[in-house]
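Next come the chains, spelled out residue by residue.
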Amino acid sequence: MPYADLNWHRAHELAYQSVQPLVAETVPVDRAIGRVLAEDVEAIAPVPQFDSAVMEGWAVAGSGPWTVLEVAAVPEQSPEDAALHRMRWVRDLALQDGQAVRVRAGALVPAGTAGVLVLDRGRVDDDGHLDRAPHAQQDEPRAGDHVRRAGEEAETGETVLTAGTALTPAHLAWAASCGLDMVACLRRPRVTLVVTGAGLQSHGVPEPGTVRDVFGPQLGAYVAALGGTVIGTHHVGLDDRKLLAQLGTDAQDEHQIREATGDVVITTGGTGTHSRREVRGALAAAGAEVLVDGVAVQPGHPLLLARLADGRMLVALPGHPLAAMTGMLTLVAPLLAGLAGASVPRPGHVRLGADVPAGVRTRLIPYTLDDGVAVPTRWRAAGMLRGFAEADGVLICPREGGETGEVMEELTLPW
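None of these values were measured; they are calculated from a predicted model. (Residues numbered from 1 in each chain as written. Predicted model: local features only at pLDDT ≥ 70, side-chain atom pairs only at ≥ 80, totals over all residues. Heavy atoms only, no water.)

A. Just the overall build of the protein, in detail. The number of helices and strands found in the protein is eight helices and 27 strands. Counting all 415 residues of the protein, 44% fall into the buried class. Across the protein, the fraction of contacts at a sequence separation of at least 24, relative to all contacts at a separation of at least 6, is 71%. For the protein, the exposed area adds up to about 20400 Å²; of that, 52% sits on carbon and sulfur atoms. (Helix = DSSP H or I, 4+ residues; strand = E, 2+ residues; numbered from the N terminus. Buried < 20%, exposed > 50% of the residue type's maximum accessible area, 1.4 Å probe, protein only. Contact = heavy atoms within 4.5 Å. Areas by Shrake-Rupley, 256 points an atom, 1.4 Å probe, with all protein chains shown as cover.)

Okay, here's the thing in structure tokens:
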């Protein structure tokens, strides 16, 4: 049975619960930002892979003083070949008590290294003997000083990231350091946009009787910010059959959407319960299951959530700009999170910087931050965009309103 006029929190939760995470796919590490891991990640090499110097100086063995060892030069070697030759020499070297070798920060240290004597804490005489500088402590370096040991962060086979993790740049750097080139992530939801309405202009100042299309320029970016991928954008008039074809449910129509593998359809306009019922008519003709038919919120009351016969989800947004933008936070954000395997986007909290009077129902009000408190915009009508464009977030204001200093729930914008 469909739900009628749900409260905001129930509609938001229902959108999240109405879907299951999508299948996994393997993607390169550098393209996995924001994706959700489908399975645990194990290190395929120790981190670090070898003992290395943390500071520039000398790798030493024993208590000193030390004899500094030097690799034998190879005549006519290029600088690159000489560096490679020295690295291999250090790799094969085993320091004995009283021996040292010059190292740079991050470089391999030879076997037998007890610690690294930092560059400004040592001095080498003309005969190649290293001793501590006068200002150095007599026990420098202590065992393990300035040496990063192989495997101290992770051992081969150790789980380093767990399934369900939403990947940040830091996660990706860590995966790469563990030797990973590819990771298994849940697929991004694929979204088709259907903008309805007559008299829409795509550029310039609209003539009287027409309006500028404000959805085309930004809905795709909005979807991307919420973790989805737009696979097609379509503009149709307010006609049930044309809209039905764009939903991809009428096989006889030559204009049917071809991206049948998509996951979500988002429409704008035609959701009013009285004079304009285009979306409802198309859904009824398509045999769709309506899950949400109206949300007790302002703006954005005539929101729809449905499951199409082919399994895709549909969110129908109102035609008024602010109502549609807040509707994205109400239904699309949790829906895409559910498909992507991410956690449901929970409201945060913020302290009010001005009174909000009581209203008829829950209101979604854009706000700006001023010295850490939320100042509700005066541009809050369903057809206005200015307040949302300037907003730092959106208040979830209960019917009874709120007083200055009161803590209220809020939605953080995804950009």
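B. Layout of the pattern of salt bridges. Under the definition given, this model contains 14 salt bridges. Between R149 and D51 there is a salt bridge, with its nearest N and O atoms 3.0 Å apart. Remark: D51 occurs in the loop between strand 3 (41-42) and strand 4 (52-53) and R149 occurs in the loop between strand 11 (147-148) and strand 12 (159-161); sequence separation between them is 98 residues. Residue R149 is classed as partly exposed on the basis of its relative accessible area, which comes to 29%. Its relative accessible area of 24% is what places D51 among the partly exposed residues. In this structure, R386 and E390 form a salt bridge, with 3.3 Å as the shortest nitrogen-oxygen distance. One end of the pair, R386, and the other, E390, are both in helix 8 (residues 386-390), four residues apart, so they sit about a helical turn from each other. Judged by relative accessible area, R386 falls into the partly exposed class, the value being 48%. (Salt bridge = Lys/Arg side-chain N within 4 Å of Asp/Glu carboxyl O.)

C. Representation of the side chain of T330. With respect to the helices and strands, T330 occurs in helix 7 (residues 321-340). Here T330 is in contact with W8, H12, L303 and L364, once residues within four sequence places are set aside.

D. Representation of the environment of G34 in the model. As for its position among the elements, G34 is in the loop between strand 2 (24-28) and strand 3. Looking at G34, the relative accessible area reads 47%, which means it is partly exposed. Counting along the chain gives 138 residues from G34 to L172, while the straight-line C-alpha distance between them is 9.9 Å.

E. Layout of the nonpolar core. Counting residues in hydrophobic clusters, the biggest one holds 42 residues, and the most contacted among them are V264, I266, L305, M328 and L336. For this core, the secondary-structure elements that each account for two or more residues are helix 1 (8-17), strand 14 (190-196), helix 4 (219-225), strand 18 (264-268), strand 19 (289-295), strand 22 (313-317), helix 7 and strand 26 (393-397). By residue number, the principal contributor to this core is helix 7, which donates 11 residues. Residue contacts for L336: discarding those within four places in its chain leaves P189, V191, V223, L226, G228 and V264. (Core = buried A, V, L, I, M, F, W, Y, C linked by side-chain atoms within 4.5 Å.)

F. The arrangement of unusual backbone geometry in detail. With an omega of -15°, the peptide bond between E140 and P141 qualifies as cis. Topologically, P141 is positioned in the loop between strand 10 (129-132) and strand 11. The peptide bond linking Q298 to P299 adopts the cis configuration, its omega dihedral lying at -5°. Assignment of secondary structure puts P299 in the loop between strand 20 (297-298) and strand 21 (304-307). You will see that H146, though not glycine, has its phi angle at about 60°, which is positive. Even without being glycine, D371 reaches a positive phi, approximately 55°.

Everything listed here is a matter of coordinates, which is why it stays silent on function.
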